[in-house]
Structures are given as C-alpha cells and as structure tokens.
Amino acid sequence: MKPAPRAILLCVATAVMLAGAVPGEAARLYRWKDKQGYTQYGDRPPEAGELVDASVDVLRFHNTPSALVRLRLERSGMRYQAWADNLLHGPVEVRLGFKRDSNVTAQPLLPATAVVPARSSVLVASIAMRDPMRGGDFELALDSLPGDPAAHAQDYEYRLPFEYGRVRVDQGPGGGFSHNDTQNLHAIDFAVPEGTPILAAREGMVMQVESDFDKAGLNRERYGGRANFIRIVHGDGSMAVYAHLKPEGVQVREGQYVRKGQRIGLSGNTGFSTAPHLHFVIQVNRGMSLESVPFRMFGPLGQLQFPRQQAEAPPLAPAPAGRPGP
C-alpha cells in the first residue's frame, strides 16, 4: 500500500504526441505539401498560396487531463521547436525522444532531458530536415516525472500526519507486500479509520492531487497505479505523498501553500489496498526515476521508530510515473 508515480504517480505521467501538439485539452496539427513538394507541419492551416494542391491532413491529439506536461511544437524558420509546458506547481523532469523519424535531425541529439520549473515552459530541442531537398517526417515521445534531480532531501522533523490517538503501522520500510520497490522502499502505511483527518507533515506547495477514484482491491494491474493522493513539494525539493485517500477526500487544491499541521484531506481505502490506511512516503527525483528516502517523524511522545520489516525483496514493477502506486 504505497503511492508510486504514474508514467506520474501511474507513476511518473507519460505523454506521447504526434510531432507537436499545442497546449489545451484538444489540439490539431496540420500537415501539407508545399509548392516545392516538401512536407510541412503547423498548428494553423496553410494559406492557399502555400499549397501545391488542396490536400491538407489534420492530425488530432487529445491531451489527458492528468498529464504532468504537454508537448508543443512551434515552427521557427526551417526548424521546429519542441517545447515542454509544465502544468504543475512544482518542477518536472522530461525526456524527449523520437518515436519515429525520417530525414530529420535534432539539436541536442535525442533522447534529451530537461528540467521544467513550476508552471513554465522549456525549449527541449530543435528539429530540422537533414536534406532539405527530400521530404521527411517525425513523431515525438515525451516522458515526464515530478521533481528536480538536483534536489537533495535535508534532515527534517516531520510531524505525525494525523491526530489519531493510537499509532499503528500496518507496513513499514521494506515491507514485502508493496514497499520493496525503489520509490516506496521507505514508505509507511498507517492503519487509520476511513475518514480520519490527514494533516500536512511538513509545509510546502501542493503539486498534484487526485480525488475521484472510488475503487480498491488486490488486482495490481487494475489498481497498482491508481489511488486518491496529494503530492506536496518542500523547500528542499523533496516531495511527500499522502495516498489512498477516500473519494473526494482531498481538501486542498493544486498551487496551494500549506502549513505544517494543516488539514489537507481524509484517509480512505482506494487503489491497491486491503483496508483503510494512509500511505506516506518522501520521494526525490534521481534522474527520471523516483526514489523514496528515509525520514524522521515525531508524535506526541517523541520520535517514532520504523524498523525495516524484512530484507529487501526483488523490486516490483513500479506504478506509472506521476501518480501514487500501491
């Protein structure tokens, strides 16, 4: 019972797009032959004088609402600029590559990675024809993962994320059920009744939330990358994930700054889960890979001890990036 990112938290979120969609829920890319017979792309239909005939292909692309970033292609002279637009209130790392390419070259060479700051855009690569006398085309794939790989988690005294009088841990670090992959190795599953108010263990910015999932079970394929959760990025770049919240149990919004001890949601039993609990983990981005880190947590009686439950088991397949996993 742990949140793993979806490819983002689905674990990281993966966006695959035809040679360049524009931001928005739905996008169109136009493709046509110019008077010289070269294939051209654009986010607007060509002028009548640009066409060698009346044929214009319209490529439609639908951006998923939960995407971490969106890929945008802009024409600049004889080149196409591939931009990554970060939709989150926290940094995201992206990796851009060719899914298919013919007679094109990229600068820098693909695959290439870049870090996109919160709510901003970064030019990842420029793409041009190798031989302008021949036609060519391409398809791009953009992977994304929350967090900045340059971040380093600092020592911090996290508070217990609820006021429930009795602290019971169902699964600790290295737990064989679901805490034996890299992004959840140091996670803690607190056994708390459904509807228990969840508090921020540390101050930070709400980066990502999901609150409309209402199913639970032990089918990893169906539920491993799904759960209601809150991801909060801290001042040192580390990120806390609070997962398996009840449906509509998120009580903060993306972009909201929360104080330590502030109420942020209600515990539940959603996703890959056997019973109501709170899955809590601190993660950092280690270069297109999320990794959990040890942390110190304090309750009313002082520091809590979370001994490793067992030797590390063979890693489980991670949930998709950007979303919480089991």
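Values in this document were obtained by computation on a predicted structure and should not be read as measured data.

Undergrad: Please set out the sheet that holds strand β8 (residues 104-107) residue by residue, giving values where relevant.
TA: The strand order across the open sheet formed by 4 strands is β5-β6-β10-β8, and the pairing between neighbours is antiparallel. Two strands close off the open sheet at either side, each with one partner strand: β5 (69-76) and β8. Geometrically, the sheet is characterised by an average inter-axis angle of 25° between neighbouring strands, direction not taken into account. Pairing of β8 with strand β10 (residues 121-129) involves 4 bridges; the strand directions are antiparallel. Each bridged residue has a counterpart across the sheet, and for Val 104 the counterpart in β10 is Met 129.

Undergrad: For the nonpolar core, give the residues involved together with the corresponding values.
TA: Judged by nonpolar contacts, the single largest core of 30 residues is most densely connected at Val 94, Leu 96, Leu 110, Phe 138, Leu 140 and Leu 142. If sequence neighbours within four positions are ignored, Leu 96 has contacts with Leu 71, Ala 82, Leu 110, Pro 111, Ala 112, Val 124, Ala 125, Leu 140, Ala 141 and Leu 142. Core analysis: the second largest hydrophobic core is formed by 28 residues, Leu 160, Phe 162, Phe 280 and Phe 295 among them.

Undergrad: An account of the sheet that holds strand β26 (residues 302-303) is needed here, citing residue identities and associated values.
TA: Paired through their backbone hydrogen bonds, the strands of a sheet run either parallel or antiparallel. Strand order in the open sheet formed by 3 strands is β12-β25-β26, with mixed pairing between adjacent strands. Bordering the open sheet on either side are β12 (157-159) and β26, each of which pairs with just one other strand. Across 3 bridges, the pairing between β12 and strand β25 (residues 296-299) is parallel. Its bridge partner lying in β25, Arg 159 is registered against Phe 298.

Undergrad: Lay out the pattern of salt bridges with the relevant residues and their values.
TA: One pass over the structure, following the stated rule, counts 12 salt bridges. Here Glu 139 and Arg 100 are joined by a salt bridge, their closest N and O atoms 3.5 Å apart. Separated by 39 residues along the polypeptide, Glu 139 in strand β11 (residues 137-146) and Arg 100 in strand β7 (residues 92-102) bring together distant segments of the chain. For Glu 139, a relative accessible area of 15% puts it in the buried group. Judged by its relative accessible area of 33%, Arg 100 falls in the partly exposed class. Between Asp 131 and Arg 134 there is a salt bridge, and its shortest N-O distance comes to 3.5 Å. On the accessibility criterion, Asp 131 (26% relative accessible area) is partly exposed.

Undergrad: Could you give me a rundown of the confidence of the model for the protein chain, with the residues and numbers involved?
TA: Low pLDDT marks regions whose predicted coordinates should not be analysed in detail. Residues with a pLDDT of 70 or more make up 67% of the protein chain, whose mean pLDDT is 77. Note that residues 1-27 has pLDDT below 50 and, in this model, 174 contacts with residues that lie over four places away or in other chains. Contacts from residues 215-219, a stretch scored under 50 in pLDDT, to residues over four places away or in other chains number 19 contacts.

What counts and what doesn't
Residues numbered from 1 in each chain as written. Predicted model: local features only at pLDDT ≥ 70, side-chain atom pairs only at ≥ 80, totals over all residues. Heavy atoms only, no water. Pairing = 2+ DSSP bridges. Helix = DSSP H or I, 4+ residues; strand = E, 2+ residues; numbered from the N terminus. Axes fitted to C-alpha atoms, helices over the stretch in contact; angles between N-to-C directions. Core = buried A, V, L, I, M, F, W, Y, C linked by side-chain atoms within 4.5 Å. Buried < 20%, exposed > 50% of the residue type's maximum accessible area, 1.4 Å probe, protein only. Contact = heavy atoms within 4.5 Å. Salt bridge = Lys/Arg side-chain N within 4 Å of Asp/Glu carboxyl O. pLDDT = per-residue confidence, 0-100.

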